[in-house]
Amino acid sequence: MFKPVKIMDLPEEEMILPGTRLCPSCAPQLAYRFILKALGPKTIVTVPASCMTVVHGMQGATPVKVPVLNTTFETVAASASGIVASLKNLGKDKEVTVLAIAGDGGTVDIGIQGLSGAAERNTDMIYCCYDNEAYMNTGIQRSGSTPFGAITTTTPINGKLEHKKNMGMIMEAHGLSYIATACASYPQDLYAKFVKAKEMKGQGLRYIHVLAPCPPGWGFDNKLTIEIGRLAVKTGFWPMYEIIHGKMELSKESKRLVDPTKRKPLEEYLTPQRRFRKLNPSQLQEIKKYVNDTWETINKRVSC
Ligand SMILES: Cc1ncc(C[n+]2csc(CCOP(=O)(O)OP(=O)(O)O)c2C)c(N)n1
Ligand SMILES: [Mg+2]
């Protein structure tokens, strides 16, 4: 059963010092702040090229308090496997949590082979994909996680022609003990999921996919970061769930959305974002169908 976390329950200690090089209102950074609060100081992080590399900065000038390995784009899960093996060798694998954290490009496209291998071996680590839905660090190129209809610098003029990959389901096919989706705009829910993943140490690879709005990449005002993420959830565009040993449970914010009348109109989520500015009525219909289909699949699972 999911225990709600109160704001006063969160550890006061910050694992990221103030003054990073990320954009104002960066949701991946917000998510990372709460992830490290959940995992604590006995954590080793590995990270591939991405905005997350920018957080860590140059060697000797990092604001992050835990040890971090910067690795190549395609190798984050493999490098985490190496860290886990080394810790085992030193007899420290029980006390140290290994976190691989990568963007959507580094996860759903370029790192998926290494991730699938680590999942198949069921390496005892936490893998987090923070999903800002494009290759943001290099100037907003589309990824396999960019949604249908969104404009990037490498999509057709009216937006992407394909839907997002369903990474939660791809990871489920590997038979993992714990899979969850979360959103940076719900930090307490996100925190609780990382605490749970940490507590499931010894049960192989735990995978958490975090939607993390990007103001410059998605084209919305900085002050809307939290609101946009919440709208992704409240419109049903981003269902939040956990799958524990094969059993799916919807998270508090998504639970009532099994009833389609409880979902906010999708337009409320799409209209404030410049990346959807060219959306025509048939594209909008296609996104609505995608969301409805996603929920039909979820409803069948949670009701049986
Ligand atoms: C093999 C390889 N190809 C391309 C790059 C250039 N590159 C660095 S970061 C990046 C974007 C990463 O996108 P994503 O994983 O979604 O993370 P984000 O930047 O959005 O945080 C790219 C293409 C690289 N470093 N290595
Ligand atoms: Mg990205």
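Rules used throughout
Residues numbered from 1 in each chain as written. Chains lettered and ligands numbered in written order. Predicted model: local features only at pLDDT ≥ 70, side-chain atom pairs only at ≥ 80, totals over all residues. Heavy atoms only, no water. Phe/Tyr/Trp six-rings, centres within 6.5 Å; stacked < 30°, edge-to-face > 60°. Helix = DSSP H or I, 4+ residues; strand = E, 2+ residues; numbered from the N terminus. Buried < 20%, exposed > 50% of the residue type's maximum accessible area, 1.4 Å probe, protein only. Lys NZ or Arg CZ within 6 Å of the ring centre and 35° of its normal. Near = heavy atom within 4 Å. Polar contact = N/O pair within 3.5 Å; in protein donor to acceptor, adjacent residues only side chain to side chain. Areas by Shrake-Rupley, 256 points an atom, 1.4 Å probe, with all protein chains shown as cover. Salt bridge = Lys/Arg side-chain N within 4 Å of Asp/Glu carboxyl O.

Draft legend 1. Main features of the packing of aromatic side chains. The full count for this structure, using the stated rule, is five aromatic pairs. Between Tyr127 and Tyr207 the ring centres are 5.8 Å apart and the planes differ by 20°, which places this aromatic pair in the stacked class. Of the two residues, Tyr127 sits in strand β4 (residues 126-131) while Tyr207 sits in strand β6 (residues 206-211), which places them 80 residues apart along the sequence. Tyr207 shares its class with Tyr127; the two are buried. Arranged with centres 6.2 Å apart and planes meeting at 70°, the rings of Trp218 and Phe220 form a pair that is edge-to-face. On the basis of relative accessibility, which here comes to 0%, the residue Trp218 falls in the buried class. On the basis of relative accessible area, Phe220 is assigned to the buried category, the value being 6%. Taken together through their ring pairs, the aromatic side chains of Phe237, Tyr269 and Tyr290 make up a single cluster. Arg230 extends its terminal NZ or CZ atom over the ring of Tyr186, reaching a point 5.5 Å from the ring centre. Cation over ring: Arg275 sits above Trp218, and NZ or CZ is 3.9 Å from the ring centre.

Draft legend 2. Region of interest: the site of ligand 1. Around ligand 1 lies a shell of 16 residues, among which Cys51, Gly105, Gly106, Tyr130 and Asn137 are the nearest. Asp104 has a polar side-chain atom sitting 3.0 Å from an oxygen atom of ligand 1. At a separation of 3.0 Å, an oxygen atom of ligand 1 approaches a polar side-chain atom of Asn132. About the coverage of ligand 1: the protein hides 73% of its 580 Å² of free accessible area.

Draft legend 3. Focus on the pattern of salt bridges. Taken as a whole and judged by the stated rule, the model has 21 salt bridges. Here Arg206 and Asp124 are joined by a salt bridge, their closest N and O atoms 2.9 Å apart. Here Arg206, found in strand β6, pairs with Asp124, found in the loop between α5 (112-121) and β4; they are 82 residues apart in sequence, far enough to count as distant. Exposure remark for Arg206: the relative accessible area of 1% places this residue in the buried category. Salt-bridge contacts for Glu242 lead to Lys196; the nearest nitrogen and oxygen are separated by 3.0 Å. Of this pair, Glu242 sits in strand β7 (residues 241-244) while Lys196 sits in helix α7 (residues 187-199), placing them 46 residues apart in sequence. Residues joined by salt bridges that share partners form a network here, namely Asp131, Glu133, Lys164 and Arg275.

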